[in-house]
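Descriptive analysis of the structure
Single-letter residue listing:
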Number of protein chains: 2
Amino acid sequence: MIKKEEILRKALEQFNERGYSEVGVRELARLLKISPGNLSYHFSKKEDILMALLEQFSAQNSSFYDHYLTLAPTNAHFLALMEKIFNSQYDYRGVYIGNQFVQAELQNQDRFNYQSIAAKRAATFQNIFRELEAAGQLRVDEKNIDFLVAYITLFGRFWISEATLFNRSPDKHKTIRHYLSLVAKQLSLFATEEGKKSIDEFSSSIT
Amino acid sequence: MIKKEEILRKALEQFNERGYSEVGVRELARLLKISPGNLSYHFSKKEDILMALLEQFSAQNSSFYDHYLTLAPTNAHFLALMEKIFNSQYDYRGVYIGNQFVQAELQNQDRFNYQSIAAKRAATFQNIFRELEAAGQLRVDEKNIDFLVAYITLFGRFWISEATLFNRSPDKHKTIRHYLSLVAKQLSLFATEEGKKSIDEFSSSIT
DNA sequence: GTCTATACAAGGATAGAC
DNA sequence: GTCTATCCTTGTATAGAC
């Protein structure tokens with residue numbers, strides 16, 4: 001008996017390597033050594049596989065945010081959060097990017113409606129930056145917070161798209177380090193002296 | 001006799017409204033009141049339509065850069081350049097975003113190889129920022145220039161993707177104004193007093 | 001050169017036997 | 001739970017009319 005887990009693992013591997021739209025269900029079934037009909041039995045639509053993987057990705061990310069909230073609000077912890085998210089985005093890049101292709105259909109399913117997800121994420125980042133301000137890590141007014149939220153929302157959503165336009169499987173650690181350093185630099189533009197020390201502390205830990 | 005221009009116009013309209021992958025060649029032919037075979041005669045592959053539209057888009061953008069280089073290097077002129085580019089990206093959003101979907105195939109055709117295009121664009125922005133520094137508009141060292149180039153490259157490539165994830169046809173002027181204001185803010189973080197005046201000058205001209 | 005009609009291949013989806 | 005056979009849609013290619 002084939003487990004859903006096996007299908008998802010192989011599907012993610014293929015999506016990452018060749019892109020969601022390039023992977024056919026017949027081919028996926030062949031790689032799994034099962035019939036196309038059997039694959040259909042477990043996931044009646046190709047999109048269902050995408051959804052299941054997005055579910056995994058989403059759950060993992062939620063746990064990262066939850067964990068962050070238990071820590072003291074420092075720039076270093078914030079960057080560590082971003083590092084975890086970036087790693088996760090890299091691991092799920094095939095579905096994360098492919099997500100865009102099927103947004104039209106996903107709009108219906110509120111679970112993955114981009115508008116509601118983006119709104120929640122923006123609110124989360126707004127709170128995070130407010131806390132960092134209160135903790136003396138950032139020197140920002142509300143306008144600056146909105147700017148940083150807009151920055152991190154777009155940047156955090158599309159860095160992996162840019163990275164994989166060059167190369168579908170770029171060096172994971174090198175690529176993440178590069179984009180993390182850009183986030184760190186952006187943050188440092190609004191950091192207090194204390195906050196800058198925290199950023200340096202994080203930066204030296206990843207090099 | 002149907003002109004290639006008519007096909008491209010209708011195709012762009014459809015790609016913008018419904019997305020590249022959602023528009024079928026048969027349907028496009030029906031909308032143009034011609035047979036699918038006739039469409040094949042003018043553009044033997046669907047991708048050829050995409051390429052022709054990207055060609056138009058690319059030519060238009062080049063003219064914007066060329067024009068900018070004839071002007072005095074000021075932040076206001078730079079932002080005016082970005083405004084033109086943003087307008088163009090919006091108008092071609094269907095192919096601009098769809099571009100990502102077919103990158104795998106486009107990698108072969110050097111004309112639209114993302115790596116070479118991105119490298120050229122990065123070099124262009126690097127020169128622009130260096131000139132703005134020399135003209136006393138920006139206060140930046142080479143590291144800051146690299147940071148700004150990385151920022152404008154990613155932001156300028158993906159703002160339209162973010163905007164259309166919410167709504168395939170968001171209000172053009174409102175959306176562009178929003179994203180331009182983010183660019184202006186980012187630029188102001190590195191601007192001299194003189195440079196800030198130039199940014200304000202531009203900002204007041206678009207509100 | 002311009003167009004229609006048609007055939008073919010590939011991929012997603014489904015019905016029904018076992 | 002697994003398979004085979006089949007259907008439908010979509011991109012693509014081509015024969016042949018005008």
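Residues numbered from 1 in each chain as written. Chains lettered and ligands numbered in written order. Predicted model: local features only at pLDDT ≥ 70, side-chain atom pairs only at ≥ 80, totals over all residues. Heavy atoms only, no water.

**Here's the deal with the pattern of salt bridges**
Residues and elements named next belong to chain B. Test applied: Any Lys or Arg side-chain nitrogen located within 4 Å of an Asp or Glu carboxyl oxygen qualifies as a salt bridge. Secondary structure follows DSSP: runs of H or I at least 4 residues long count as helices, runs of E at least 2 residues long count as strands, and numbering of each begins at the N terminus. Buried residues are those whose accessible area, probed at 1.4 Å on protein chains only, stays under 20% of the maximum for their type, while exposed residues exceed 50% and partly exposed ones sit between those limits.
Tallying each qualifying case throughout the model produces 10 salt bridges over all chains. Of the charged contacts in the structure, one is a salt bridge between Glu-13 and Lys-10, with a shortest N-O distance of 3.5 Å. Note that Glu-13 and Lys-10 are positioned in helix 1 (residues 4–18) at a spacing of 3 residues, about one turn of the helix. Here Glu-13 falls in the partly exposed class, since its relative accessible area comes to 30%.

**Brief notes about the protein's contact with DNA strand D**
The line we're drawing: If a single non-hydrogen atom of a residue is within 4 Å of a molecule or strand, that residue counts as near it. By the criterion applied in these results, polar contacts are pairs of N or O atoms within 3.5 Å in which, for protein atoms, one can donate a hydrogen and the other can accept it, and in which residues neighboring in sequence qualify only through two side-chain atoms.
The local shell around DNA strand D holds 16 residues, among which Met-1, Asn-38 and Tyr-41 of chain A together with Arg-26 and Lys-46 of chain B are the closest. Here, DNA strand D places atoms within 4 Å of the protein, and 54% of those atoms are sugar or phosphate. Measuring from a phosphate oxygen of DNA strand D, one finds a side-chain N or O atom of Tyr-41 of chain A at 2.3 Å. If you list the elements that add at least two residues to the surface near DNA strand D, you get helix 3 (36–42) of chain A together with helix 2 (25–31) of chain B.

**Some remarks on the environment of Val-25 of chain B**
With respect to the helices, strands and loops of the structure, Val-25 of chain B is situated in helix 2. In the structure, Val-25 of chain B is positioned 15 residues away from Lys-10 of chain B in sequence and 12 Å away in space, judged by C-alpha atoms.

**Examining the protein's contact with DNA strand C**
Not every one of the 16 residues close to DNA strand C is listed here, only the nearest: Val-25, Arg-26, Ser-40 and Lys-46 of chain A together with Ser-35 of chain B. Take Asn-38 of chain B: an N or O atom from its side chain is 3.1 Å from a sugar or linking oxygen of DNA strand C. Within the side chain of His-42 of chain B, one N or O atom sits 2.9 Å away from a phosphate oxygen of DNA strand C. Contributions of two or more residues to the surface near DNA strand C are made by helix 2 (25–32) of chain A together with helix 3 (36–42) of chain B. Looking at the surface near DNA strand C, the element that brings in the most residues is helix 3 of chain B, giving 4 residues.

**Overview of the domain arrangement of chain A**
Residues and elements named next belong to chain A. Our working rule: Note that the domain bounds reflect an automated or database-derived domain assignment. Any two residues having at least one pair of non-hydrogen atoms within 4.5 Å are treated as being in contact. Two parts lose some accessible area (1.4 Å probe) when they are put together, and adding that loss for both gives the buried area.
Looking at the assigned domains, one finds that chain A contains domain 1 (1–44) and domain 2 (50–206). Here the C-alpha centroids of domain 1 and domain 2 sit 29 Å apart. Facing the 12 residues of domain 1 at the interface are 14 residues of domain 2. On the domain 1 side of the interface with domain 2, the three residues burying the most area are Leu-12, Asn-16 and Tyr-20, jointly 54% of the side's total. Taken together, the links from domain 1 to domain 2 amount to 0 salt bridges. At the junction of domain 1 with domain 2, the criterion picks out 3 residue pairs in polar contact (both at pLDDT 80 or more).

**A short note on helix 5 (residues 75–91) of chain B**
Heads up, the condition is: A helix is expected to span 1.5 Å for every residue after the first.
Taking 1.5 Å as the rise per residue, helix 5 of chain B with 17 residues should run 24 Å; its terminal C-alpha atoms sit 24 Å apart, in good agreement. Counting buried residues along helix 5 of chain B, 12 of its 17 residues qualify, which places the element largely inside the surrounding structure.

**What to know about the relation of the copies chain A and chain B**
How we decide: The copies are overlaid by a least-squares fit using only the C-alpha atoms of residues whose pLDDT is at least 70 in both copies.
Between chain A and chain B, which share one sequence, the superposing operator has a rotation angle of 180° and an axial displacement of 0.0 Å; the RMSD is 0.1 Å. Here the copies are linked by what is in effect a two-fold axis. The overlap is high: 100% of the interface residues of chain A also sit at the interface in chain B, so the same surface is used on both sides.

**Here's the deal with the interface of chain A and chain B**
Note on interface size: it is often stated as the accessible area lost on association of the parts. Listed by partner, the interface residues are 31 residues for chain A and 31 residues for chain B. Of the roughly 2,900 Å² buried at the junction of chain A and chain B (both faces included), carbon and sulfur atoms supply 70%. On inspection of chain A and its partner chain B, the count reaches 0 salt bridges. Run the count over chain A and chain B and you get 3 residue pairs in polar contact (both at pLDDT 80 or more). Looking at the side of chain A that touches chain B, the elements that each hand over two or more residues are helix 7 (103–106), helix 8 (114–134), helix 9 (142–166) and helix 10 (172–188) of chain A.

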